[in-house]
There are 2 protein chains.
Amino acid sequence: MVVGSVALDTVETPLCRYRDSLGGSAVHFAMAARHFSKVRLLGIVGKDFPEDHVKLLENAGIDISGLEIKQGLTFRWEGRYSQDMNRRETVSVALNLFGDFKPMVPEAWKDTPFVFLANASPWTQLSVLNQVERNTFVLADTMDLWIETEKKGLMELLSRVKAISLNDSEARALSMESNLIKAGKRIQEMGPEIVIIKRGEHGATLFTGDRVFPVPAYPTMEVCDPTGAGDSFAGGFMGALAETAGTDPSSLKKALVYGTACASINVEHPSVDGLLNATRETLERRRIILQEILSFG
Amino acid sequence: MVVGSVALDTVETPLCRYRDSLGGSAVHFAMAARHFSKVRLLGIVGKDFPEDHVKLLENAGIDISGLEIKQGLTFRWEGRYSQDMNRRETVSVALNLFGDFKPMVPEAWKDTPFVFLANASPWTQLSVLNQVERNTFVLADTMDLWIETEKKGLMELLSRVKAISLNDSEARALSMESNLIKAGKRIQEMGPEIVIIKRGEHGATLFTGDRVFPVPAYPTMEVCDPTGAGDSFAGGFMGALAETAGTDPSSLKKALVYGTACASINVEHPSVDGLLNATRETLERRRIILQEILSFG
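Before going into details, it helps to say that this report is about the structure given with it. (Residues numbered from 1 in each chain as written. Chains lettered and ligands numbered in written order. Predicted model: local features only at pLDDT ≥ 70, side-chain atom pairs only at ≥ 80, totals over all residues. Heavy atoms only, no water.)

Contacts between chain B and chain A engage 37 residues on the former and 37 residues on the latter. Each partner contributes to the roughly 3100 Å² buried at the junction of chain B and chain A, and carbon and sulfur atoms together form 58% of this total. By the criterion of area lost to chain A, the three top residues of chain B are B:His202, B:Met221 and B:Phe296, representing 24% of everything that side buries. Here chain B and chain A share 4 salt bridges between them. A:Glu292 is paired through a salt bridge with B:Arg211; the nearest N and O atoms lie 3.4 Å apart. Our enumeration of links across chain B and chain A arrives at 16 residue pairs in polar contact (both at pLDDT 80 or more). The set of elements that each furnish at least two residues to the side of chain B that touches chain A consists of helix H6 (168–175), helix H7 (180–189), strand E13 (211–215), helix H9 (249–267) and helix H11 (280–293) of chain B. With 5 residues, the single largest contributor to the side of chain B that touches chain A is E13(B). (Contact = heavy atoms within 4.5 Å. Buried area = accessible area lost by both parts, 1.4 Å probe. Salt bridge = Lys/Arg side-chain N within 4 Å of Asp/Glu carboxyl O. Polar contact = N/O pair within 3.5 Å; in protein donor to acceptor, adjacent residues only side chain to side chain. Helix = DSSP H or I, 4+ residues; strand = E, 2+ residues; numbered from the N terminus.)

Shown next as structure tokens:
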């Protein structure tokens, strides 16, 4: 299950542009996770949300019976990427209905074993946590905004989730440690057994217990649209965990490679096109290439 | 064989400081490479170069019969690192004798099979290239200064060496490509069969033929002094290649891991202390840990 934003995205990168396309954290996550596992999506959109987008989600096999369609407007985000794709500027953002979203987990979904709390206020994320079972594997994603403005809620969230993901500059800000390895370990001390530091084009590093697993990004040359890279990484990661229901170090490592493969396919295409059209075979091919690259035998 | 600077370094980092310590690219390289192979060092120092430093190099098993000791002053560099160690400021630099260094390769050294041309003007590097045999495996290191001021010499160098190493921002500047994978491939097109892009705390990426091998940094928490990280990486890499005399993809990958291990030990200690005191066993332990971390079986 993923709880998060379903959005209409308008994006301009040096290589592509689109208007009011299907986007949002929950959508990017689901588009990746669906290749591995059944996905339940909890979110909210307005009456302006195109019927085509609903169909697209349904046809992708995502269970959207938890997607509220209410009077009002859908979350809209407009962004523009720098020439080197490593920086982005938010041109405009309108939370609309998502701003007051109070996720209600359907009774039948409360025992979902793997839950992704996409980026949202820690209080919203905590409210979902209160509705699911205690032994659920919960990965929460967060961002600089909450570190700066909702530290208290974030610390409570950290004390209660199994895993947290955030990017490198955010990990440094939250831990007040410049060394990323120290930063990850410091964040583990705040509660989560597992910490994932996303390092953009350099990959990601997972901390579990006293073990540290850095994984480089898939060496792709065709970055077209970085939107949703982190969420599709999380989707591949959580989907792969859910598929085998294993959370031992070896399963975590394998899931990291699937997350990396999903993120690479996501960024090579505009909007959700990459993971919409990808097959499980495409993902397996990338997993094998990555493992081959990383086998320093 | 390494040709490059032998210096007196004065360094201040948030965790350590030292004055007029043994430093320089050639020294950091040699201190790593000596763990794997016999090392010949070609360089120049002045009469001010302490006898203790000469002894230290000799005791480390480095052949310094190619180290000229001339009337005049040794290359001096003074640097200061930022709080997060990721930026450094050159407080002062005095090339002294190194500024007019015309390396003369001893007759007996001309058939050395593996040669590292440490960072220097491309014209100086080319003059060494003219003195060694054609089928020598030459890795040249370069930096932004030469990309900006000696593009012509650098392009000639690139057309003649087997391998080049440079950091990520330099690779982007030289190739005029923001995507690092494209940047590496573009630089290969300029001549070198092998390109190594150093990515600091994120590791390094090696390009050989149409293969790309990213390797993350060793997850160290104790970065004390980043000075010489790139050169000790090159030392471990070239030393390991020289040890087995293999340059196939599998040897290159294994050498990358040794380079990574050497760089991590270098940065954990001030000046050359780390690799001076390390044993081969320490390096093997790190290689095994790295390979274990990277085996996504």
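Attention now moves to the packing of helix H3 (residues 122–129) of chain B against helix H5 (residues 151–160) of chain B. How two helices pack is summed up by the angle between their axes together with the distance between the axes. Residue and element names in this part refer to chain B. Where H3 contacts H5, the two axes come as close as 8 Å, and the packing angle between them is 30°. Handedness of the H3/H5 crossing: left-handed. Residues Pro122, Trp123, Gln125, Leu126 and Leu129 of H3 form the contact with H5, whose participating residues are Lys152, Gly153, Leu154, Glu156, Leu157 and Arg160. Taken together, the residues that form the contact of H3 with H5 break down as 6 nonpolar, 2 polar and 3 charged. (Axes fitted to C-alpha atoms, helices over the stretch in contact; angles between N-to-C directions. Left-handed = near helix turned anticlockwise from the far one by under 90°. Nonpolar A, V, L, I, M, F, W, Y, C, P; charged D, E, K, R; others polar.)

Once turned by 180° and shifted 0.0 Å along the axis, chain B lies on chain A with an RMSD of 0.0 Å. Here the transformation between the copies is reduced to the relation of a two-fold axis. Comparing interface residues between copies, 100% of those in chain B also sit at the interface in chain A, which points to an isologous, same-surface contact. (Least-squares fit on C-alpha atoms with pLDDT ≥ 70 in both.)

With the rule as written, the count across this model stands at 0 disulfides over all chains. Of all cysteine sulfurs in the structure, the one in A:Cys16 sits closest to A:Cys224, which takes part in no disulfide; the separation is 3.3 Å. (Disulfide = S-S within 2.5 Å.)

Residues and elements named next belong to chain A. Summed over all chains, the structure comprises 10 aromatic pairs over all chains. Taken together, a centroid distance of 4.5 Å and an interplanar angle of 10° make the contact between Phe29 and Phe116 stacked. Taken together, the positions of Phe29 in helix H1 (residues 25–33) and Phe116 in strand E8 (residues 114–117) put the pair 87 residues apart, joining distant regions of the chain. Judged by its relative accessible area of 4%, Phe29 is buried. Members of the aromatic cluster, joined through ring pairs, are Phe75, Phe98 and Phe101. (Phe/Tyr/Trp six-rings, centres within 6.5 Å; stacked < 30°, edge-to-face > 60°. Buried < 20%, exposed > 50% of the residue type's maximum accessible area, 1.4 Å probe, protein only.)

By themselves, these observations are geometric and do not establish any function.
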